[in-house]
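What follows is the residue order along each chain.
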Amino acid sequence: MVEGTTTHDEKSAVSIAVRRRASALEGRSPRIIAGLAVLLVGMMLAATAIGKYPLSVGDILATLWGAMTGSASGEQSDTVLLSIRLPRVLAAVLVGAALAAAGAAYQGLFRNPLVSPDILGVSSGAGLGAVLGIFLSLSVVGIQLLAFAGGLATVGLVYVIGNLVRNREPVLVLVLAGVVVGSLAGAAISLLKILADPYDQLPAIVFWLLGSLSSTRGAEVWSAAPLVLAGLVPLVLLRWRINVLSLGDEEARALGVEAGRLRLIVIAAATLMTASVVAVAGVVGWIGLVIPHLARMLVGPNFNRLLPASLLMGGAYMLLIDTLARTVAAIEVPLGVLTAIIGAPFFLWLLARGEDGWS
Amino acid sequence: MTTPAPVSPVLSARSLGYGYTGRAIGRNVTLDVAAGEVVCLLGPNGSGKTTLFKTLLGLLPAQEGDVFVDGNPLASLSRQQLARRIAYVPQAHAAQFPYRVLDMVVMGRTAHLGLFAAPAEADRIRAHAALSSLGIAELADQPYTRISGGQRQLALIARALAQDAPVIVMDEPTASLDFGNQVVVLREVKRLAARGLAVVLSTHDPDHAFAIANRVLLLHDGGLIAQGSPHDVLTPSRLRAVYGVDVSIEKLAEGATICTPDYGT
């Protein structure tokens, strides 16, 4: 027994060593996360000021104060800010944060840093729903509802297929089922494009599939935000278990985690977040893939810190993209085009750098 | 004292058949592991040592027979209850994400945490103590992906120690270790048993069984062909039957027993 027991002194010595180490190492991550939060707020203020109708920071603060105290002046700047600029800025942050958080969760879940939130077909399913809505000339709300339902239904179908196939690595079956169902949805989208009215419906379809926030108003933000939050809460609560799950099913189970049930919850939460923002913004690629990577480089792979960093960086990145989309050219540039132009070379650089670690 | 007091086994199997649906690997395995015991499983490549371990841990369903943990049928325990009773050290593997070694070891504390909790200071201290006991405290801040295979194996053992379970199952814990680290691990196994833990491990080296095992299980052709003390089980004729090589087994003056294969002339 002598060798096995640690004396009180040894324990407190270890405790001090651990505390010192922890403060040296983990002390940096909260500062990075706080810095990202400050950056995001600054960017939101700047993005609200920039545009075809420029607003000064003073205008913005005065209008916000007026709106809060119920004494809005009704000037044009108020209208621009409250019903156009601010909803769009909030929507961009919401969309980017949701996609990046869902991407971080999926990458841990599938134990693969090259996975994006649409790995299980949520984007193609939502795309099919929206294209069908445009084809049937539904209202904007109808199109968004169909997109949302299409995304959830596709992932549900993939999950059911994954459970029907036994005797195989469950994660691999899910990914392959996602590829197959996603490409089926892609085929259906192509068919609808052929059948659609080329002068009226087709441009709307193409624009939607590339992603845009140009028609976003407050109502969309308020309808998507609670759903994003509903998906985010389980991810926050289960943050530690998501780390354990990323070791693989067998190890996670040996460590006391009900892997199958946890995976279902994480898939449901991340899919809900993705589908609700895709319904608002259309298909915006790259964010869910690239941002978790960047966040991991800054704060490491521990989901406790990866999740807040991904949320903040995703929001900031999408805000940057959307602000560019509405200011660089006379016409609105589709978001998917900009995220790809910036995201693709960046990702190649990440690959070439060959770094898996953080220091 | 003529009869030893009966010790209730912490882990036992009754007529256990293991394998996969439609592909049985072994059957009729009956064993009991008591607290404070080191049980060593030997068997050639492909004899199903890993599959047997996974079945004992409930990671694979038993094809026939039963496993009991602390007298409870395996299926009656939740994953968390099981993880508090049995820790598993898998063969060293590459991780997908560069978790710090300390984070990796703290994951052993998961079964002691609430569903929505993250590890606290006390858990990190426990993990650090586990690293220290294996002499790798200085690796705590290294990314798990950047340390050597042997260091990873030691880190996985530290994780099992941090799990604070009365039974530890180790799948070839010395396989990827250099000579010195093999000794570190075997010493730690002996120390754990002296503290009252039950350790079940597989190995390819009969010398390791002689050095630390109270009991040896010899696995061959889909079943246990012998179990008992190392000297009773690991005879030259059995080792020839199982591995197809001639060996001589000698007891040294210092008390150790070694197994020397015939390398030919």
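Here the structure is a predicted model, which is why all the values come from computation and not from measurement. The residue count restarts for each chain, going from 1 along the sequence in the order it is written. The order in which chains are written sets their letters, starting at A; the order in which ligands are written sets their numbers, starting at 1. Per-residue local features are limited, in this predicted model, to residues with pLDDT of at least 70; the limit for side-chain atom pairs, both in listing and counting, is 80 or more; totals at the level of whole chains, interfaces and linings are taken over all residues.

Novice: Could you give an account of the overall build of chain A, naming the residues involved and the relevant values?
Specialist: To qualify as a helix, a DSSP run of H or I must reach at least 4 residues; to qualify as a strand, a run of E must reach at least 2; elements of each kind are numbered from the N terminus. Broken down by element type, chain A carries 15 helices and zero strands. Here exposure depends only on C-beta density: within 10 Å of a residue's C-beta, 20 or more other C-beta atoms make it buried, 12 or fewer make it exposed, and intermediate numbers make it partly exposed, the C-beta atoms being placed from the backbone. Classification of the 359 residues of chain A by burial places 46% in the buried group. Here contacts are defined at the residue level, using C-beta atoms placed from the backbone and a cut-off of 7 Å between them. Pairs at least 24 apart in sequence give 75% of the contacts found in chain A among residues at least 6 apart.

Novice: So, the pairing of strand 2 (residues 23-33) of chain B: which residues are in play, and what are the values?
Specialist: A pair of strands is labelled paired if DSSP reports no fewer than 2 bridges between them. Bridge count for strand 1 (residues 11-20) of chain B against strand 2 of chain B is seven bridges, and the pairing is antiparallel. Bridging across to strand 2 of chain B, tyrosine 18 of chain B finds its partner in glycine 26 of chain B.

Novice: Go over the pairing of strand 8 (residues 198-202) of chain B with me, naming the residues and quoting the values.
Specialist: Residues and elements named next belong to chain B. Extensive coverage of strand 8 is indicated by the burial of five of its five residues. Across four bridges, the pairing between strand 3 (residues 38-42) and strand 8 is parallel. Residue pairing in the sheet places valine 38 in a bridge with valine 199 of strand 8. Relative to strand 8, strand 7 (residues 167-170) runs parallel, the two sharing four bridges. Across the sheet, the residue bridging to valine 169 is valine 200, located in strand 8. For the handedness criterion, the strands are oriented away from the viewer, and a crossover whose path from the first strand over the helix to the second runs clockwise is classed as right-handed. Of the crossover connections in this fold, the one passing from strand 7 over helix 6 (residues 179-194) to the parallel strand 8 is right-handed.

Novice: Account for the sheet that holds strand 7 of chain B, naming residues and giving values.
Specialist: Working definition: the strands of a sheet are paired by backbone hydrogen bonds and lie parallel or antiparallel to each other. All names here are of chain B. Taken in spatial order, the six strands line up as 6-7-8-3-9-10 in an open sheet, and their pairing is mixed. Where the open sheet ends on each side, the last strands, each with one partner, are strand 6 (86-89) and strand 10 (223-228). In this sheet, adjacent strand axes meet at a mean angle of 15° when their direction is disregarded. With four bridges connecting them, strand 6 and strand 7 associate as parallel partners. Looking across to strand 7, one finds that isoleucine 86 is bridged to valine 167. To get an axis, a line is fitted to the C-alpha atoms, and for a helix only the part in contact is used. The angle between two axes follows their N-to-C directions and goes from 0 to 180 degrees.

Novice: An account of the interface of chain B and chain A is needed here, citing residue identities and associated values.
Specialist: Every contact between the two is made by 35 residues of chain B and, on the other side, 35 residues of chain A. Secondary-structure elements contributing two or more residues to the side of chain B that touches chain A are helix 2 (79-85), helix 4 (121-133) and helix 6 of chain B. The element that contributes the greatest number of residues to the side of chain B that touches chain A is helix 4 of chain B, accounting for five residues. Ten residue types, Ala, Val, Leu, Ile, Met, Phe, Trp, Tyr, Cys and Pro, are classed as nonpolar, four, Asp, Glu, Lys and Arg, as charged, and the remainder, Gly among them, as polar. Partitioning the side of chain B that touches chain A into residue classes produces 20 nonpolar, eight polar and seven charged.

Novice: Give a description of the environment of threonine 274 of chain A that names residues and reports values.
Specialist: Residues and elements named next belong to chain A. Here threonine 274 shows up in helix 12 (residues 259-281). Since 31 C-beta atoms lie within 10 Å of it, threonine 274 is described here as buried. Once residues lying within four places of it in the same chain are set aside, the contact partners of threonine 274 are Ala98, Leu99, Ala102, Pro117, Val122 and Gly151.

Novice: How would you summarise the packing of helix 5 (residues 122-135) of chain A against helix 12 of chain A if you had to cite specific residues and measurements?
Specialist: Residue and element names in this part refer to chain A. Interaxial distance between helix 5 and helix 12 falls to 10 Å at its minimum, and their mutual angle equals 35°. Helix 5 and helix 12 meet at a crossing whose hand is right-handed. Where helix 5 approaches helix 12, its residues Val122, Ser123 and Ala126 are matched on the opposing element by Thr271, Thr274, Ala275, Val278 and Ala279. A class-by-class count of the residues in the contact of helix 5 with helix 12 yields five nonpolar, three polar and no charged. Handedness of each helix crossing follows the sense of rotation of the near helix against the far helix: counterclockwise by less than a right angle gives left-handed, clockwise gives right-handed.

Novice: For the sheet that holds strand 5 (residues 72-73) of chain B, give the residues involved together with the corresponding values.
Specialist: All names here are of chain B. Strand order in this open sheet of four strands is 2-1-4-5, and the pairing throughout is antiparallel. Of all strands in the sheet, those bounded by a partner on one side alone are strand 2 and strand 5. Docked against the sheet, helix 1 (residues 49-56) engages strand 1, strand 2 and strand 4 (64-69), running at close to 120° with respect to strand 1.

Novice: Run through the domain arrangement of chain B, naming residues and quoting values.
Specialist: Residues and elements named next belong to chain B. Either an automatic procedure or a domain database provided the assignment from which the domain bounds are taken. Domain annotation for chain B reports domain 1 (7-70 + 166-265) and domain 2 (94-164). If you average the C-alpha positions of domain 1 and of domain 2, the two centres end up 26 Å apart. Taken together, the nine residues of domain 1 in the interface contact nine residues of domain 2. Ranked by residue count, the leading element in the side of domain 1 that touches domain 2 is helix 6, at four residues.

Novice: Explain the confidence of the model for chain B to me, using residue names and the numbers behind them.
Specialist: pLDDT gives the predictor's per-residue confidence on a scale running from 0 to 100. Summary statistics for chain B give a mean pLDDT of 91 and a share of 97% for residues scoring 70 or more. Two numbers describe this predicted complex: its pTM, 0.89, and its ipTM, 0.92.

Novice: Lay out the packing of helix 5 of chain A against helix 7 (residues 170-195) of chain A in plain terms, naming residues and giving numbers.
Specialist: Residues and elements named next belong to chain A. Two elements in contact, helix 5 and helix 7, have axes separated by 9 Å at closest approach and are oriented at 20°. One way to sum up the angle between helix 5 and helix 7 is to call them roughly parallel. As helix 5 runs across helix 7, the sense of the crossing is left-handed. The residues of helix 7 that touch helix 5, namely those facing Ser124, Gly125, Gly127, Leu128, Val131, Leu132 and Phe135, are Gly182, Ala185, Gly186, Ala188, Ile189, Leu192 and Leu195. Here the contact of helix 5 with helix 7 is composed, by residue class, of nine nonpolar, five polar and no charged. Note on angle classes: values under 35 degrees are labelled roughly parallel, values over 145 roughly antiparallel, values of 65 to 115 roughly perpendicular, and the remainder oblique.

Novice: Tell me about helix 6 of chain B, and name the residues and values.
Specialist: Residues and elements named next belong to chain B. Compared with the 22 Å implied by 1.5 Å per residue over 16 residues, the 23 Å span of helix 6 between its first and last C-alpha is a close match. Among the residues of helix 6, those classed as buried are Asn181, Gln182, Val185, Leu186, Glu188, Val189, Leu192 and Ala193. Across the axial projection of helix 6, the buried residues extend over an arc of 155°, all falling on one side. In helix 6, those exposed residues whose orientation departs by more than 90 degrees from the buried face are Phe179 and Gly180. On its buried face, helix 6 sits against strand 3, helix 4, helix 5 (149-162), strand 7, strand 8 and helix 7 (206-212). A helix is expected to span 1.5 Å multiplied by its residue count minus one. This arc describes the spread of directions from the helix axis toward the C-beta atoms.

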